[in-house]
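# Observations on the three-dimensional arrangement
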Amino acid sequence: PMGYLRAWSLVIAHGSKIRKQFFLGLYDTVLIHQRNPDHVHAHYGDDSSNLAMLYSVLSGDTFSFTTHMHDIFDFPAPNFPLKSRLAKKHVTISNYNKRYLVDKLGVNESDVTVIHCGVDFDRIPENVSFLPKSHLIFCAARLHEDKSLDILLKACKILMDRGVEFECKIAGEGHLRPALEGMIRQLGLENRVKLLGNQTQLQVFEHLKNSRVKALSSHTEGIPVSLMEAMALKVPVVATRINGIPELIEDGQSGFLVESGNEAQLADRIQKIFEDPQLSQTFVENGYRKVFAEFNLKNETDKLLAMWKS
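The paragraphs below set out a description of the structure included in this document. Since the structure is predicted, the reported quantities are computational estimates derived from the model, not experimental observations.

## Details of the pairing of strand S5 (residues 136–140)
Within S5, five of the five residues are buried, leaving the element largely enclosed by the surrounding structure. The side-chain alternation of S5 yields two buried faces, one formed by Leu136, Phe138 and Ala140 and the other by Ile137 and Cys139. Of the strand pairs in this sheet, S5 and strand S6 (residues 167–171) are connected by five bridges, and their pairing is parallel. Each residue of the ladder has a partner; that of Phe138, found in S6, is Lys169. Relative to strand S8 (residues 213–216), S5 runs parallel, the two being bridged by two bridges. The partner of Phe138 across the bridge, within S8, is Lys214.

## Considering the packing of helix H1 (residues 2–13) against helix H3 (residues 47–59)
Close contact between H1 and H3 brings their axes to 6 Å; oriented N to C, the two are set at 135°. In terms of axis orientation, H1 runs oblique to H3. Across from Gly3, Tyr4, Arg6, Ala7 and Leu10 in H1, the residues of H3 making contact are Met53, Leu54, Val57, Leu58 and Ser59. For the contact of H1 with H3, the per-class residue count stands at seven nonpolar, two polar and one charged.

## Here we look at the packing of aromatic side chains
Centre-to-centre distance and the angle between the planes together describe a pair of aromatic rings. In the structure shown here, the tally under the stated rule is eight aromatic pairs. Judged by centre distance (6.4 Å) and plane angle (5°), the ring pair of Phe65 and Phe80 falls under stacked. Residue Phe65 is found in strand S2 (residues 62–67), and its partner Phe80 is found in helix H5 (residues 80–86); the two are separated by 15 residues along the sequence. By relative accessible area, Phe65 is classed as buried at 0%. Using a relative accessible area of 0% as the deciding quantity, one classes Phe80 as buried. Judged by centre distance (5.8 Å) and plane angle (50°), the ring pair of Phe73 and Tyr96 falls under tilted. On the criterion of sequence distance, the pair formed by Phe73 in helix H4 (residues 70–73) and Tyr96 in helix H6 (residues 95–105) is long-range, its members being 23 residues apart. Taking relative accessible area as the criterion, Phe73 reaches 22% and is therefore assigned partly exposed. Following the ring pairs from residue to residue traces out a cluster consisting of Phe63, Phe65 and Phe80. Sitting above the plane of the Tyr288 ring, Lys234 keeps its charged end 5.1 Å from the centroid.

## So, the sheet that holds strand S3 (residues 89–92)
Strand order in the open sheet formed by four strands is S1-S2-S3-S4, and the pairing between neighbours is parallel. Among the strands making up the open sheet, the edge pair consists of strand S1 (39–43) and strand S4 (112–114). In this sheet, adjacent strand axes meet at a mean angle of 25° when their direction is disregarded.

What counts, and at which threshold
Residues numbered from 1 in each chain as written. Predicted model: local features only at pLDDT ≥ 70, side-chain atom pairs only at ≥ 80, totals over all residues. Heavy atoms only, no water. Buried < 20%, exposed > 50% of the residue type's maximum accessible area, 1.4 Å probe, protein only. Helix = DSSP H or I, 4+ residues; strand = E, 2+ residues; numbered from the N terminus. Pairing = 2+ DSSP bridges. Axes fitted to C-alpha atoms, helices over the stretch in contact; angles between N-to-C directions. Parallel < 35°, antiparallel > 145°, perpendicular 65-115°, else oblique. Contact = heavy atoms within 4.5 Å. Nonpolar A, V, L, I, M, F, W, Y, C, P; charged D, E, K, R; others polar. Phe/Tyr/Trp six-rings, centres within 6.5 Å; stacked < 30°, edge-to-face > 60°. Lys NZ or Arg CZ within 6 Å of the ring centre and 35° of its normal.

This is the structure:
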């Protein structure tokens, strides 16, 4: 009964979004309670974390939640400050996200902690080496507007017109496949660019191991695990200077950063990697060290476990 009183006082005071969640989520809280958790952790700052918060208020158990990208920038919850205050901790995946949550959405800085996504190094093949003679550009991305793959195709057209030898493979699927296939034909890239469709992680790793550069032309991202995997597999990376990506890639040190929407700059940086094996070697060495030290899944998971236990 005391839990219900706490929950009612919360939903009456804090807006329609929480009131709706109170009525829709009651049965789900029963299902959670049947599992007898010590702590509940939710991903994303929308209904899942609202449910975790409601369960915590009803049961007295603690909760925490992780925010990623769209749940912050595109569909931010109006109750972030309240939810972050009630949670044991609000986790987010980058310092960029944290600053946005604090500066734009009113979350208390002490309520948010950064725990990165990361690479499972137990799944990274041993003795991986950089292949400087490869001419493969590889990209793993959904065929979606967010990934701006038209910019990558335009960069490929520039490289072809310059006489640069290359092949580009794009792993992923999505609703833009017909449009991208048409663009490939329009640009005359049929013999240069291949859309591979969905690939398993092992298939992606095989493509990466045979790549000269991993390219990502997105205009919106968090910190992509696909870039971390490329760096862990000792592949030079080129990506857009957006959101949390500069926390992963140090421009000119562990890869190249380019401005979003700038196909000429993307082409220039890819060509530079092709033409400068020594620079590429520097990128793979620095990139591997960066990912192993700061984006290692085991270390980041240990941080999350320590937070839960604290």
